[in-house]
Amino acid sequence: MNVLILGGTSEASALATALAEREVPALFSYAGRVSTPKPQPLPTRVGGFGGVAGLAAFLTEQRITHLVDATHPFAERMSRNAVAAASHSGIPLIALTRPPWVPQAGDRCTPVADVEAAVQALAGPPQRILLAIGRQQLAAFAAQPQHHYLLRLVDAPETPPPLPHHHIVLDRGPFTLDGDLALLREHGIQRVVCKNAGGTGAIAKLDAARRLGVPVVMIERPVPPPRREVHSVDAVLAWLHHGSAPASGLESEPGAERGV
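Nothing here was measured: the structure is a model prediction, and the numbers come from that model. (Residues numbered from 1 in each chain as written. Predicted model: local features only at pLDDT ≥ 70, side-chain atom pairs only at ≥ 80, totals over all residues. Heavy atoms only, no water.)

Chemist: I tried to follow unusual backbone geometry on my own but got confused; where do I start?
Modeler: Glycine aside, the phi torsion of most residues is negative, and most peptide linkages are trans. Cis rather than trans, the peptide bond between Gly173 and Pro174 has omega equal to 5°. Secondary-structure assignment places Pro174 in the loop between strand 9 (166-170) and helix 5 (177-186). Positive phi outside glycine occurs at Glu23, with the angle close to 55°. By secondary structure assignment, the location of Glu23 is in the loop between helix 1 (10-21) and strand 2 (26-30). Of note in the backbone geometry, Arg63 takes a positive phi value of approximately 55° without being a glycine. With respect to the helices and strands, Arg63 occurs in the loop between helix 2 (51-61) and strand 4 (66-69). On the basis of relative accessibility, which here comes to 69%, the residue Arg63 falls in the exposed class. (Helix = DSSP H or I, 4+ residues; strand = E, 2+ residues; numbered from the N terminus. Buried < 20%, exposed > 50% of the residue type's maximum accessible area, 1.4 Å probe, protein only.)

Below, the structure is given as structure tokens:
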């Protein structure tokens, strides 16, 4: 057995720890979006593969026997490449995902399909907005320059974002309710824009927004390609050791909710 983990999430780190503890041969791969990625207890590589063909070649060259896609729910291209490369190489693949956030009583949440729709949802008079979407798509919000944007990022952007009014806070989750309540109050936040990443590491901003009555614009997840999908490290371990043959179509673990 030789496992490749496509990582970058807390779930991927938990799986890496579990495999290391069990002395299962494995390799951890980061996309390279963060300048100082979290150290892993496994051999680690950083960077892309060069599309489907590059990933398929890597799987063959490294004699990978099992592929685990534990990337961010919005890493759409990587997930599609993983499915295609695994199929081409005849290697079984599983996706370790987190269930999406579900609105609760008291939420003032507006779901939108994508970043472009989130930008359109901000039409109107100036507001103070927490923009918690990472750094890759900040430029899209230049179409709504009237707002003051609070940007919470892991790393400082290489070039200043094209937003006339913004302030950057560098921080890395998991975040706390008290911390996010203080953040929203200190900056007078009137609206939150975020992606439906799911999990617990970044949910504090939603809890804080609910507590303060702040509206949230929630960007929904892209629809993943057909694949086997589970929501726990234990489910991946069971798959690795019990009949992990390639599968067509999506199969969620019993009782798990598929994120879309």
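There's more to say after this.
Chemist: It is not clear to me how empty space enclosed by the protein should be interpreted in this structure. Could you clarify?
Modeler: One water molecule sets the probe size; rolling that probe over the atoms shows where empty space is left. For the coordinates displayed, the defined rule picks out 2 cavities of 30 Å³ or more. Size it by volume and the largest cavity reaches roughly 150 Å³. Taken together, 17 residues form the lining of the largest cavity, with Pro73, Ser79, Pro222, Pro224 and Arg227 sitting closest to its centre. Split by residue class, the lining of the largest cavity holds 7 nonpolar, 5 polar and 5 charged. (1 Å grid on protein atoms, 1.4 Å probe; cavity = no way out; pocket = protein on both sides within 12 Å on 5 of 7 lines; lining within 4 Å. Points joined across faces, edges and corners; volume = space filled by probe spheres on them. Nonpolar A, V, L, I, M, F, W, Y, C, P; charged D, E, K, R; others polar.)

Chemist: Quick question: what am I supposed to make of the packing of helix 1 against helix 7 (residues 233-241) here?
Modeler: How two helices pack is summed up by the angle between their axes together with the distance between the axes. At their nearest, the axes of helix 1 and helix 7 sit 10 Å apart, and the two run at 50° to each other. What the angle tells us is that helix 1 and helix 7 run oblique. Crossing geometry of helix 1 relative to helix 7 is assigned as right-handed. Residues Glu11, Ala14, Leu15, Ala18 and Leu19 of helix 1 form the contact with helix 7, whose own contacting residues are Val233, Val236, Leu237 and Leu240. Partitioning the contact of helix 1 with helix 7 into residue classes produces 8 nonpolar, no polar and 1 charged. (Axes fitted to C-alpha atoms, helices over the stretch in contact; angles between N-to-C directions. Parallel < 35°, antiparallel > 145°, perpendicular 65-115°, else oblique. Left-handed = near helix turned anticlockwise from the far one by under 90°. Contact = heavy atoms within 4.5 Å.)

Chemist: Mind showing me how you'd approach the packing of aromatic side chains here?
Modeler: For any two aromatic rings, the description comes down to two numbers: the centre-to-centre distance and the angle of the planes. Inspection of the entire model under this criterion finds 3 aromatic pairs. Between Phe49 and Phe58, the aromatic rings sit 5.1 Å apart at their centres with planes inclined by 65°, giving edge-to-face as the arrangement. Judged by its relative accessible area of 14%, Phe49 falls in the buried class. Among the residues examined, Phe58 registers a relative accessible area of 14% and is labelled buried. When the ring centre of Phe49 is taken as origin, the NZ or CZ atom of Arg45, which lies over that ring, is 3.9 Å away. (Phe/Tyr/Trp six-rings, centres within 6.5 Å; stacked < 30°, edge-to-face > 60°. Lys NZ or Arg CZ within 6 Å of the ring centre and 35° of its normal.)

Chemist: What am I meant to see in the nonpolar core here?
Modeler: For soluble globular proteins, the rule of thumb is that nonpolar side chains tend to be buried together. In this structure, Val3, Ile5, Leu15, Leu19, Val68, Leu96 and Val236 are the most contacted members of the largest nonpolar core, which totals 23 residues. When residues no more than four places from it in sequence are discounted, the contact partners of Val68 are Val3, Leu4, Ile5, Leu6, Leu15, Ile94, Leu96, Val236 and Trp239. Counting 18 residues, the second-largest nonpolar core is a separate cluster that includes Leu122, Ile133, Phe141 and Leu163. (Core = buried A, V, L, I, M, F, W, Y, C linked by side-chain atoms within 4.5 Å.)

Chemist: Explain the pattern of salt bridges to me, please; I cannot follow it from the model alone.
Modeler: One side chain can pair with another of opposite charge once the charged atoms of both are near each other. Counting across every chain of the model gives 7 salt bridges. Between Glu11 and Arg98 there is a salt bridge; the shortest N-O distance is 2.8 Å. Of the two residues, Glu11 sits in helix 1 while Arg98 sits in the loop between strand 5 (93-96) and strand 6 (109-112), which places them 87 residues apart along the sequence. Residue Asp69 pairs with Arg227 through a salt bridge whose shortest N-O separation is 3.1 Å. Taken together, the residues span a long stretch of sequence, with Asp69 in strand 4 and Arg227 in the loop between strand 11 (216-219) and strand 12 (228-230) at a distance of 158 residues. Judged by relative accessible area, which is 2%, Asp69 ranks as buried. One network of salt bridges, in which partners are shared, links Asp69, Arg227 and Glu229. (Salt bridge = Lys/Arg side-chain N within 4 Å of Asp/Glu carboxyl O.)

Everything listed here is a matter of geometry and, on its own, says nothing about what the molecule does.
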